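The chain contents come next:
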Amino acid sequence: MGERYRTLVNVFEHYTNDLFKRIGVDRSESTWWRYRASLGHLRAFLKHEYNLHDIALLELEQSFIEQYHVYLKSDLGLKPTTVSGYLKCLKYVVKIAFNNGWMPRTPFSLYQYTAPNPERSFLTEDELRRMMTTELRYKRQEYNRDMFLFSCFTGICYADMASLTYDRIEQDAQGEWWISGNRQKTETKYVVKLLPYALFILNKYRGLTGDGRVFAMSTLDSIDDSLKNIARECGIDKQLSFHLA
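Just so it is clear, the model here is predicted, and its values are computed rather than measured. (Residues numbered from 1 in each chain as written. Predicted model: local features only at pLDDT ≥ 70, side-chain atom pairs only at ≥ 80, totals over all residues. Heavy atoms only, no water.)

A. Fine view of the pairing of strand β3 (residues 189-193). What you see with β3 is a clean split: Y190 and V192 sit on the buried side and K189, V191 and K193 on the side with no burial. Pairing of strand β2 (residues 177-182) with β3 involves five bridges; the strand directions are antiparallel. Directly across from I179, in β3, lies its bridge partner V192. (Buried < 20%, exposed > 50% of the residue type's maximum accessible area, 1.4 Å probe, protein only. Helix = DSSP H or I, 4+ residues; strand = E, 2+ residues; numbered from the N terminus. Pairing = 2+ DSSP bridges.)

Here it is as structure tokens:
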């Protein structure tokens, strides 16, 4: 259709490719994966609803995102938080197209959807103590358990733990140890004091990676699967995930 008529999938694809180049600079890999998955769903929706491979930006109306919402929620059966994430991706790409002057208005500007906040689970003091003291059968389970506990005692998430290096750990004049860094997801600065148990875990695995990183962590899915078995062995009747830490 030429330069005059920009298309949605084409613009979305270009933005997703640009995100890939920015991984580790100012964007995380998880952000790129979310936009890539969102692009896949958008293509499938266009084929399912309109029998099209792409659509001109000038053709977009609010009804488009409303139908896309129904498709994600009903046809694909995705969770509300996942649906909300994909809708935000679409709205953001269309906003970029508007800011670049490729369309005269933002058709989705009035469309709002906020997923309900799920009730967050947590470990009680007794459950946390059981996690710390139960003897596990396998070394890999023990390692994943210790990674989970390190997160419990520091509040540092999986992505930031996986990229944590020793140069981020410093001792102050009083002999206390601290971790400082920037959250990968939000670029927010954090400073965390190492409590005794977190320091114990740090020293337990010191120097095992050989590349400056503090921990050699498995994939998030692998750790979450392991935590389900660990919970059973510790007598904890909860669906454990690393995010719960």
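B. Spatial organisation of helix α3 (residues 62-75). With 14 residues, α3 should cover 20 Å at 1.5 Å per step; its first-to-last C-alpha distance of 19 Å lies within 8% of that length. Within the span of α3, buried status applies to F64, I65, Y68, H69, Y71 and L72. Along α3, the residues classed as buried sweep out an arc of 160 degrees about the axis, all on the same side. Residues of α3 that are exposed and angled more than 90 degrees away from the buried face: K73 and S74. Its buried side turned inward, α3 meets α1 (8-21), α2 (29-50) and α4 (80-99). Immediately beyond the C-terminal end of α3, within one or two residues, lies G77, with a positive phi of roughly 65 degrees. (Expected span 1.5 Å × (residues − 1). Arc of directions from axis to C-beta. Contact = heavy atoms within 4.5 Å.)

C. Inspection of helix α8 (residues 196-204) at higher detail. Taken together, the buried positions of α8 are occupied by Y197, A198, I201 and L202. The arc that holds the buried residues of α8, viewed along the axis, is 145 degrees, so those residues lie on one side. Buried residues belonging to α8 abut α5 (125-133), α6 (139-154) and β1 (169-171).

D. Seen up close, the sheet that holds β3. Taken in spatial order, the three strands make up an open sheet running β1-β2-β3, and their pairing is antiparallel. The open sheet has two edge strands, β1 and β3, and neither has a second partner. Each adjacent strand pair in this sheet contributes to an overall mean axis angle of 25 degrees, direction not counted. (Axes fitted to C-alpha atoms, helices over the stretch in contact; angles between N-to-C directions.)

E. Just the nonpolar core, in detail. Residues M131, M147, F150, M161, I179, I201 and F215 are the most contacted members of the largest nonpolar core, which totals 33 residues. Within the residue set of this core, elements represented by two or more residues are α6, β3, α8 and α9 (220-233). Looking at this core, the element that brings in the most residues is α6, giving five residues. Dropping the residues within four chain positions of it, M161 is found in contact with M147, F150, S151, I156, F215, M217 and F242. By size, the runner-up hydrophobic cluster in this structure holds 31 residues, among which are W32, L42, V93 and A97. (Core = buried A, V, L, I, M, F, W, Y, C linked by side-chain atoms within 4.5 Å.)

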